[in-house]
Amino acid sequence: MENTCKLTIKIASFLCAFAILCISVDSSWAGGYIKADDDVMLYYEDVGEGTPIIFVPGWTGTTYFFSKQIDYFETSNSARAVVYDPRAQGRSSKTLDGAFYDQHAKDLKRLIEALDLKDVVLAGWSWGGVTVYDYLHQFGTDNLKGVVIIDQTPTPLSTEPSAWTDGGPDVVKQFFNDFTADRVETVRGFIPWMYTKGVSDEEASRLLAETMLTPDIVASQLLYDGWMVDWTETFKAVDVPMLMLVREENADPARSYIKIYQPEADIVVLGGHGMMWDHADQFNEAVSSFLGKLN
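The rules behind each value
Residues numbered from 1 in each chain as written. Predicted model: local features only at pLDDT ≥ 70, side-chain atom pairs only at ≥ 80, totals over all residues. Heavy atoms only, no water. Pairing = 2+ DSSP bridges. Helix = DSSP H or I, 4+ residues; strand = E, 2+ residues; numbered from the N terminus. Axes fitted to C-alpha atoms, helices over the stretch in contact; angles between N-to-C directions. Buried < 20%, exposed > 50% of the residue type's maximum accessible area, 1.4 Å probe, protein only. Arc of directions from axis to C-beta. Contact = heavy atoms within 4.5 Å. Parallel < 35°, antiparallel > 145°, perpendicular 65-115°, else oblique. Nonpolar A, V, L, I, M, F, W, Y, C, P; charged D, E, K, R; others polar. pLDDT = per-residue confidence, 0-100. Salt bridge = Lys/Arg side-chain N within 4 Å of Asp/Glu carboxyl O.

### Here's the deal with the sheet that holds strand 5 (residues 120-125)
In step 1: One open sheet holds the eight strands; their spatial order is 1-2-4-3-5-6-7-8, and the pairing between them is mixed. In this open sheet, the two strands that pair with only one neighbour each are strand 1 (30-35) and strand 8 (266-269). The mean inter-strand angle of the sheet, taken between neighbouring strand axes irrespective of direction, is 20°.
In step 2: Strand direction decides the pairing type here: strand 7 (residues 242-246) and strand 8, joined by four bridges, are parallel.

Here you go:
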C-alpha cells in the first residue's frame, strides 16, 4: 500500500511539472524552482525590488492565493515580494516526506538562502503563520527585518472559551470528520466563509482546484500537525517589528492576546480569513505601510 501511494505521488508530481512547462511564463516577473535540502523542488514567484517579503500560503494553499499581492508589488521599487508553494502543495514536488510544519520551516529557510535574501520580512497566512512560528522557534530572528502574521493565532487549539483560537476540540473533531468523509465538499464550503465580500463562482472553483493539488494524505497530516502546538512562548520572544492582521470576528480575543504577549505589535482588523483576496487594496496598503516603517 505504501509503495502504491508513493508511486501515485510520483506520477502526480510528474504531471504537475509537465503542466507547468505548458504554461507561458509572464516575462514581467521572475520565478521557477529551488531545491530543498532533500531534493524536493519548491515553486516560487518573485517580483519587485527592495525589502524582501515572503508570503507563506496556509494549509494546502498556493501562490495563487497571493495573486493580488504579486500584481500589486510587481513594479515596486521599495519591496521585493516572493511567494511559493510549500512542499506537496501547488506546483511544488508531490512528496509524502516532510508533511509537518517543522520541515516547512526548514524549507522556508532554504528558500531564503537559495534566493540570497537579506533582512527579510516573513508574512504567513493562516497555517502559513504556523510555518512562520515554527521558523522563529527553530531559527530566531537572525536575518529578519519584520514579521507579518495574517489571521493566525499562536494557539490554534484551546479549551478556553475566551481564547484566540482556531477552534476547540469539538470544532477540530467535526472538521476532521467532514474532511475524511468528503474533502472536496468540505473545502468547497470552507472557501465562501473566508471572504466577507464574497468571491465569484469562477474564483471559488479555481481556489478549490488549487487546494486539491495537495494529495489527501499530505493534507490530512498537515491538518493534524497544525493544531497540535501552542506557539505562545515563541510569539512573545519575537524581537523584531510585527504586523498582526486579524479578521473582524476575532478582533477582541486577538487584541487581548497580542496586548499581553506582543504589546508593541501593529494590529489591523480587516475582513475575513482570506482578506488578502477580497480586501486586497486595504491589505496591500497595510503591508506597504508596515514595510515603509522598517526602512
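From this point, things continue past the structure.
### Focus on helix 10 (residues 251-261)
In step 1: Within the sequence span of helix 10, burial applies to Ala-251, Ala-254, Tyr-257 and Ile-258. Buried residues in helix 10, looked at end-on, bunch into an arc of 140°, giving them a common side. Summarising the geometry of helix 10, the exposed residues directed more than 90 degrees from the buried face are Asp-252, Lys-259 and Ile-260.
In step 2: Residues of helix 10 that are buried sit in contact with helix 9 (232-236), strand 7 and strand 8.

### Regarding unusual backbone geometry
In step 1: The phi torsion at Ala-88 lies on the positive side, around 70°, for a residue other than glycine.
In step 2: As for its placement among the helices and strands, Ala-88 is situated in the loop between strand 4 (79-84) and helix 3 (101-114).
In step 3: Of note, the phi angle at Asn-143 is positive, near 75°, even though the residue is not glycine.
In step 4: As for its position among the elements, Asn-143 is in the loop between helix 4 (127-139) and strand 6 (144-150).

### Quick word on the packing of helix 3 against helix 4
In step 1: Across the interface, helix 3 lies against helix 4 with an axial gap of 8 Å and an inter-helix angle of 75°. One finds that helix 3 runs roughly perpendicular with respect to helix 4. On helix 4, the residues touching Tyr-101, Asp-102, His-104, Ala-105, Lys-106, Leu-108, Lys-109 and Ile-112 of helix 3 are Trp-127, Val-130, Thr-131, Asp-134, Tyr-135, Gln-138 and Phe-139.
In step 2: Residue composition of the contact of helix 3 with helix 4, grouped by class: eight nonpolar, three polar and four charged.

### Remarks on the confidence of the model for the chain
In step 1: Mean pLDDT over the chain stands at 90; residues scoring 70 or higher make up 90%.
In step 2: Scored below 50 in pLDDT, residues 1-28 makes 16 contacts in the model with residues more than four places away or belonging to other chains.

### Remarks on the pattern of salt bridges
In step 1: Tallying each qualifying case throughout the model produces 16 salt bridges.
In step 2: The shortest N-O distance in the salt bridge between Arg-87 and Asp-107 comes to 2.6 Å. Of this pair, Arg-87 sits in the loop between strand 4 and helix 3 while Asp-107 is found in helix 3, placing the two residues 20 residues apart along the sequence. In this pair, the class of Arg-87 matches that of Asp-107, namely buried.
In step 3: Lys-109 is paired through a salt bridge with Glu-113; the nearest N and O atoms lie 2.6 Å apart. One end of the pair is Lys-109 and the other is Glu-113, both in helix 3 and four residues apart, which spans about a single turn.
In step 4: The exposure class assigned to Lys-109 is partly exposed, which follows from its relative accessible area of 27%.
In step 5: The class for Glu-113 is partly exposed, based on a relative accessible area of 44%.

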